[in-house]
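# Summary of structural features
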Amino acid sequence: MTQTAVQGAQAPALNRGRLRAGLQQLLAFASLIVIVIFFSLTSDVFFTYDNLVNNVLVSTVVVGLLAVGTTFVIITGGIDLSIGTGMSLCAVMSGVFIENLGLPLWLGVLGAVLVGGLIGAVNGAAVAFFKFPPFIATLAMMLIAQGLALVISHTSPIYFTKAPGYIDLASGSIIPGIDVPNAVLIFFVTAIIAAILLNKTIVGRYTYAIGSNADATAISGINVRRWTWVVYVIGGLFIGLAGVMISARLASAQPATGQGYELQAIAAVVIGGTSLAGGKGSMVGTVIGSLIIAVLNNGLQLISVPQEWQNVVLGCVILFAVYMDMLRRRER
Amino acid sequence: MFTLTGDPDGEEPYVSNPSGDGTNARGPMSGDYLLQVSGVSKEFPGVKALDQMHLELRKGEVLALVGENGAGKSTLMKLLAGVYTPDSGRFLLDGEEVEISGPKHAQELGVSIIHQEFNLMPDLTVAQNIYIGREPRWGDFLLSEKRLNEAASALFERLELPLDPRQKVSELTVAKQQMVEIAKALSYDARVLIMDEPTAALNDAEVAVLHDLIRRFRTPETGVIYISHRMDELKAISDRIEVIRDGRYIDTLTTSETTMREVISLMVGRELKENVRPETEHGTDEVVLAVRGLSTKELLHDVSFELHRGEILGFAGLMGAGRTEVARAIVGADRHSAGEIELKGTSVRLPNPSVAAANGIGYLSEDRKRFGLLLDQRVGFNVALSSLTKYVGLGVFMKDNAIRVTAREMVETLRIKTPSIDQTVQNLSGGNQQKVVIAKWLVKDCDVLIFDEPTRGIDVGAKEEIYQLLNRLAAEGKAIIMISSELPEVLRMSHRVAVMCEGRLTALLAADEADQESIMHYATLRPDVLGAVDETPEAEMQEAGTR
Ligand SMILES: Nc1ncnc2c1ncn2[C@@H]1O[C@H](COP(=O)(O)OP(=O)(O)OP(=O)(O)O)[C@@H](O)[C@H]1O
Ligand SMILES: [Mg+2]
């Protein structure tokens with residue numbers, strides 16, 4: 001076999017691969033554009049700066065952060081059901097640190113994020129070291145986190161009064177002159193960091209490898225247990241960050257708000273083209289998926305579709321998005 | 001280390017037994033041993049896989065390890081690769097005792113392995129697979145995709161393998177995937193290279209490429225353990241042959257001083273009836289399946305043939321010739337763009353394999369892991385899977401006892417080596433998994449059976465059993481298509497041979513017209529008279545064909 005044969009095989013495959021990867025992102029993005037155009041035509045308010053930034057983008061933040069974190073977990077072939085109630089627990093702990101214990105702002109925030117990391121560490125240990133199926137391990141954690149959030153907060157909200165800066169974390173705007181809330185900035189910055197982590201570092205590489213074939217990865221000399229654990233911890237840190245953002249936005253830690261967010265976040269990941277079977281997925285897709293969910297929720301409200309019907313629409317969108325994705329994969 | 005020593009063009013004649021480097025002529029002194037295994041035992045629940053196993057690998061040699069399916073070959077290799085830990089026994093590397101704590105440690109000790117079952121990450125690219133765990137990085141953390149692909153390109157150039165570093169492994173054919181595994185194993189610069197049935201998925205030309213690689217990368221400081229069920233290969237590549245049976249050491253023979261007959265009888269512990277030919281001279285005149293003008297968008301072009309009752313029709317051709325594609329198009333696993341399929345004289349539409357099966361066409365895929373088995377289910381369940389409707393009573397209830405009886409019968413007839421029919425298929429040795437697939441289709445009782453590489457990974461004894469089984473099925477009046485990359489098998493088993501090249505059927509040969517030369521000729525017969533003829537495959541085939 002000659003050198004020319006090698007190169008001959010290379011060129012077309014390369015183009016096809018790139019094209020396909022591009023297409024996936026394009027498809028999700030195109031759906032987003034179509035939805036945006038639809039609502040722009042059907043509602044006067046939708047396509048205004050105020051609505052797009054202060055409603056759509058702001059409401060993307062929490063679901064988006066959870067989705068970004070859980071993308072790692074899902075690419076390994078796992079699932080994390082504890083992200084919603086875990087977020088409540090982190091929010092409550094943030095309240096405890098800052099309001100009840102009077103810790104400085106930065107320390108309170110750090111503490112809350114680390115509580116998220118701890119949730120992830122426990123999930124990760126259960127999955128990686130004790131071999132619980134991820135669904136079971138995180139289902140248990142979902143209940144535990146919900147219970148603890150209620151117990152610690154005595155079932156009532158904790159209002160942030162002592163540290164006014166806390167609320168600014170989400171609603172303030174550090175870039176002078178441009179009216180974009182910090183929460184939105186934080187979301188996009190962390191999403192970019194997550195994308196780099198997933199695509200350019202060994203953490204990301206092993207995330208894909210484990211989801212693709214965990215046995216093969218182990219046999220190749222990689223410590224699959226440790227890296228699986230690391231992935232759940234990363235997911236946990238995002239739970240913590242989401243807890244801080246949601247409580248800052250609401251100016252209070254609500255012990256029961258998180259429930260249901262896990263499904264929205266998983267939906268965002270799936271709409272973004274990540275496979276629940278593991279091995280496949282992208283961060284850009286997840287961000288677009290989160291935006292699609294936020295735009296739908298906001299737009300449907302604006303055109304006065306009742307809350308009950310919004311879920312019906314979202315369900316259909318999930319089916320549609322995943323079906324398109326399957327068609328695309330089958331095509332080759 | 002495996003470094004380039006020999007001449008890349010392979011001046012050595014292909015048939016010669018490459019033992020001319022002197023290492024083997026000397027009597028073995030303990031310093032000559034690269035690797036020694038002594039008294040190693042390993043037990044799985046209900047199975048004593050290895051019992052006081054013994055193995056010695058000399059420096060500079062290729063040691064073939066042979067034994068029936070389930071003899072314990074892969075288990076021993078997994079112990080060496082750090083995948084399992086032994087219950088007892090010792091490993092010596094260069095005369096020093098080592099404890100192999102895990103795959104990573106094995107790599108560090110210089111032991112590199114190609115596992116029998118594919119161990120690739122399908123969603124990663126070729127280069128990412130090969131350098132997994134050793135990716136070129138900036139610092140500890142950041143990956144350099146560019147350096148990664150450059151390293152892989154350099155490796156492929158050195159090995160002369162036609163692989164694209166950036167392609168996803170899931171898009172590759174089985175043979176190409178095997179090449180990726182080979183490249184991965186060689187990339188470690190290991191001292192002990194273990195290959196567990198590396199050629200099971202390769203055709204003769206590709207086998208020749210692999211053997212060439214092994215010869216070029218062998219040095220006086222390295223050793224290769226080579227596992228294969230293809231006896232012709234052992235003669236060509238190995239210096240010595242170690243035989244094991246039922247987890248126990250039997251004997252080690254010098255290849256040049258033994259015959260394959262001797263090896264085989266040591267392996268199976270009995271004399272084999274060899275060279276069974278089909279019982280009947282021809283199939284009947286009754287056409288069961290007629291394929292007319294079958295084409296697909298990707299590859300197939302105007303494939304037409306008829307299959308008779310009681311006939312075994314062999315399909316020969318190079319990798320990528322389209323033999324598997326024909327089978328897949330017939331049963332509706334792939335869509336065809338033109339053509340017609342007639343079953344017993346009436347035109348049928350078979351949109352998917354389950355409709356095909358319902359119409360009495362069974363297809364045994366070459367890729368048993370993906371299309372053949374439920375790996376995490378029991379043997380019994382797998383055997384009954386295609387014919388569950390046969391075992392339903394009172395409308396809904398499964399007749400579990402009847403299933404168990406059938407499954408036991410099948411385990412018996414095919415000599416599937418398993419502690420019970422309740423064993424999970426995953427825990428069977430590779431060859432025995434293949435037998436489970438065959439059992440499944442025998443239970444289904446189809447009129448037309450398409451066997452795609454039916455003896456891949458199957459030991460000689462079991463191969464003979466499968467041949468006899470095919471003959472019996474044909475004699476009973478089934479119509480059989482047998483796709484195989486092993487020419488001797490095609491020649492021996494077929495009433496007629498269909499030869500394919502680049503998606504076209506280039507010849508339909510009667511048994512007396514078919515021989516190595518004629519098949520090679522038609523397998524490389526390109527329809528395009530106009531274009532410049534690419535000589536590579538033809539040259540390769542001739543090389544392979546001279547064996
Ligand atoms: N993980 C496991 N659990 C239980 N039994 C096992 C396991 N792995 C192997 N075995 C059993 O150990 C025995 C040896 O299997 P092994 O895979 O080593 O055979 P082999 O010689 O490689 O056969 P083949 O030629 O078919 O690949 C078999 O009986 C097999 O069923
Ligand atoms: Mg084996």
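Keep in mind it's a predicted model, so treat the numbers as computed, not measured.

The next point concerns the overall build of chain A. Secondary structure summary: chain A contains 13 helices and two strands in total. A compact globule built from 332 residues would reach a C-alpha radius of gyration of about 20 Å, and chain A, at 21 Å, matches this within 12%. Seen along its three principal axes, the alpha-carbon backbone of chain A occupies a region of about 75 × 55 × 40 Å. Taken as a whole, chain A presents about 14400 Å² of accessible surface, with 71% of it coming from carbon and sulfur.

Residues and elements named next belong to chain B. Taken together, the six strands give an open sheet; going across it, the order is β18-β21-β22-β15-β23-β24, and neighbouring strands pair in mixed fashion. Looking at which strands have only one partner, the edges of the open sheet turn out to be β18 (361-364) and β24 (504-510). Mean inter-strand twist for the sheet, computed between neighbouring axes without regard to direction, equals 20°. Sheet topology note: the strand β15 (residues 312-317)/strand β22 (residues 479-483) ladder contains four bridges and is parallel. The residue of β22 that forms the bridge with Gly314 is Met482. Sheet contacts for helix α14 (residues 430-444): β18 and β21 (448-452); angle to β18, the most-contacted strand, approximately 175°. This element, helix α17 (residues 516-523), spans β15, β23 (496-501) and β24 of the sheet and lies at about 35° to β23.

Attention now goes to the pattern of salt bridges. With the rule as written, the count across this model stands at 25 salt bridges over all chains. Because the salt bridges share partners, they merge into one network encompassing B:Lys59, B:Asp94, B:Arg191 and B:Glu221.

Among the secondary structure elements, B:Val326 is positioned in helix α9 (residues 323-330). Remark: the alpha-carbon pair of B:Val326 and B:Asp285, spanning 41 residues in sequence, is separated by 23 Å.

The next thing to look at is the nonpolar core. General note: in soluble globular proteins, nonpolar side chains tend to be found buried as a group. One finds A:Leu65, A:Val68, A:Phe72, A:Tyr166, A:Ile292 and A:Val295 to be the most contacted residues of the largest nonpolar core, which totals 103 residues. With sequence-adjacent residues up to four places away left out, A:Tyr166 is seen in contact with A:Ser94, A:Ile98, A:Leu105, A:Val109, A:Phe160, A:Val244, A:Ser247 and A:Ala248. Membership of the second largest hydrophobic core comes to 39 residues, among which are B:Val436, B:Phe451, B:Tyr467 and B:Ala474.

Residues and elements named next belong to chain B. Around ligand 1, the structure places 20 residues, and the nearest of them are Gly70, Ser74, Thr75, His229 and Ser429. In this structure, Ala71 approaches ligand 1 through a main-chain N or O atom, which is 3.2 Å from an oxygen atom. Across the complex, the protein chains shield 92% of the 640 Å² of accessible surface that ligand 1 would expose by itself. For the shell around ligand 1, the secondary-structure elements that each account for two or more residues are β2 (47-58), α1 (73-80) and α14. The greatest single-element share of the shell around ligand 1, amounting to three residues, is contributed by α1. The class makeup of the residues in the shell around ligand 1 is six nonpolar, eleven polar and three charged. For the shell around ligand 1, the two domains that each supply at least three residues are domain 1 (3-110 + 190-268) and domain 4 (373-445).

What counts as what
Residues numbered from 1 in each chain as written. Chains lettered and ligands numbered in written order. Predicted model: local features only at pLDDT ≥ 70, side-chain atom pairs only at ≥ 80, totals over all residues. Heavy atoms only, no water. Helix = DSSP H or I, 4+ residues; strand = E, 2+ residues; numbered from the N terminus. Rg over C-alpha atoms; globule rule 2.2 N^0.38 Å. Areas by Shrake-Rupley, 256 points an atom, 1.4 Å probe, with all protein chains shown as cover. Pairing = 2+ DSSP bridges. Axes fitted to C-alpha atoms, helices over the stretch in contact; angles between N-to-C directions. Contact = heavy atoms within 4.5 Å. Salt bridge = Lys/Arg side-chain N within 4 Å of Asp/Glu carboxyl O. Core = buried A, V, L, I, M, F, W, Y, C linked by side-chain atoms within 4.5 Å. Buried < 20%, exposed > 50% of the residue type's maximum accessible area, 1.4 Å probe, protein only. Near = heavy atom within 4 Å. Polar contact = N/O pair within 3.5 Å; in protein donor to acceptor, adjacent residues only side chain to side chain. Nonpolar A, V, L, I, M, F, W, Y, C, P; charged D, E, K, R; others polar. Domains from an automatic or database assignment.

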